[in-house]
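# Descriptive analysis of the structure
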Amino acid sequence: KDHEVEPVLKSLFHQLSTTALQCLVAARDRLETMTELVEDFYGMFERYLRYAPMIVMEASTLLPTLQLWHDVIFVQQKEAIDAVIAFIVAVFRCISEGNKPAQMQRFADERKIRHGQLLRPHTLQVAPGLVVAIFKLIAQVPTQYAKES
C-alpha cells in the first residue's frame, strides 16, 4: 500500500462517485440509456472495494449506491449487469467473511471481517428490496432483449 496514493484515490473516488451517482439517480427510470455509466460506476465500486475498501466504507455515496441496486438490477446490457452483479457479490462476500462457522474463523482475515461488519447494516437496509426486485426480474423472463434477438 502506498500511503501517498491513498488520498488521491479517495479524492478521485469521491468526485467520480458523487457525480455519477447524481446522474444515475436522476435517470433512475431510464438507466437503459446509460449502460456505460452503470458499468463504469459499479465496476469502480467493485474494484475500490477489493483494493481500497475503507475508501468505499467511508464514502457518503455507499448507501445510495446500494439503494440503487433495486433499479440497476433491471439493466439488460451484459457488461453493465456484469459490473452490477460483481459488486453485489463482492459486498455479500465481504459480509459473509464474518459469518463463517466457528472452526473456520481462525482462518478468517480480521480486516475483511471488519469490512463486512461495516457493510452489513447498509446491506440489511437494501436486501429486502433487492430480493423483491430479483423476483420481479425473474417474472419478466425472457427479457425484452431476448425477445427482440
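Above this text you will find the structure in question.
Over the atoms rolls a probe the size of a water molecule, and its path tells where empty space is left. Estimated volume of the largest pocket: approximately 540 Å³. Lining the largest pocket we find 21 residues, and of these Leu 49, Arg 50, Tyr 51, Pro 53 and His 115 sit closest to its centre. Looking at the lining of the largest pocket, the elements that each hand over two or more residues are helix H1 (6-26), helix H2 (35-51), helix H3 (53-57), helix H6 (78-96) and helix H8 (110-139). No other element matches the four residues that H2 contributes to the lining of the largest pocket. Residue classes in the lining of the largest pocket are distributed as 10 nonpolar, one polar and 10 charged.

To continue, consider the pattern of salt bridges. Counting across every chain of the model gives five salt bridges. A salt bridge links Glu 58 to Lys 10, with the shortest nitrogen-to-oxygen separation between them at 3.0 Å. In this pair, Glu 58 is assigned in the loop between H3 and helix H4 (62-67) and Lys 10 in helix H1, connecting sequence segments 48 residues apart. A salt bridge links Arg 28 to Asp 71, with the shortest nitrogen-to-oxygen separation between them at 2.4 Å. With Arg 28 in the loop between H1 and H2 and Asp 71 in helix H5 (residues 69-72), this residue pair connects regions lying 43 residues apart in the sequence. Taking the relative accessible area as the measure of exposure, Arg 28 reaches 34% and is therefore partly exposed.

What counts and how
Residues numbered from 1 in each chain as written. Predicted model: local features only at pLDDT ≥ 70, side-chain atom pairs only at ≥ 80, totals over all residues. Heavy atoms only, no water. 1 Å grid on protein atoms, 1.4 Å probe; cavity = no way out; pocket = protein on both sides within 12 Å on 5 of 7 lines; lining within 4 Å. Points joined across faces, edges and corners; volume = space filled by probe spheres on them. Helix = DSSP H or I, 4+ residues; strand = E, 2+ residues; numbered from the N terminus. Nonpolar A, V, L, I, M, F, W, Y, C, P; charged D, E, K, R; others polar. Salt bridge = Lys/Arg side-chain N within 4 Å of Asp/Glu carboxyl O. Buried < 20%, exposed > 50% of the residue type's maximum accessible area, 1.4 Å probe, protein only.

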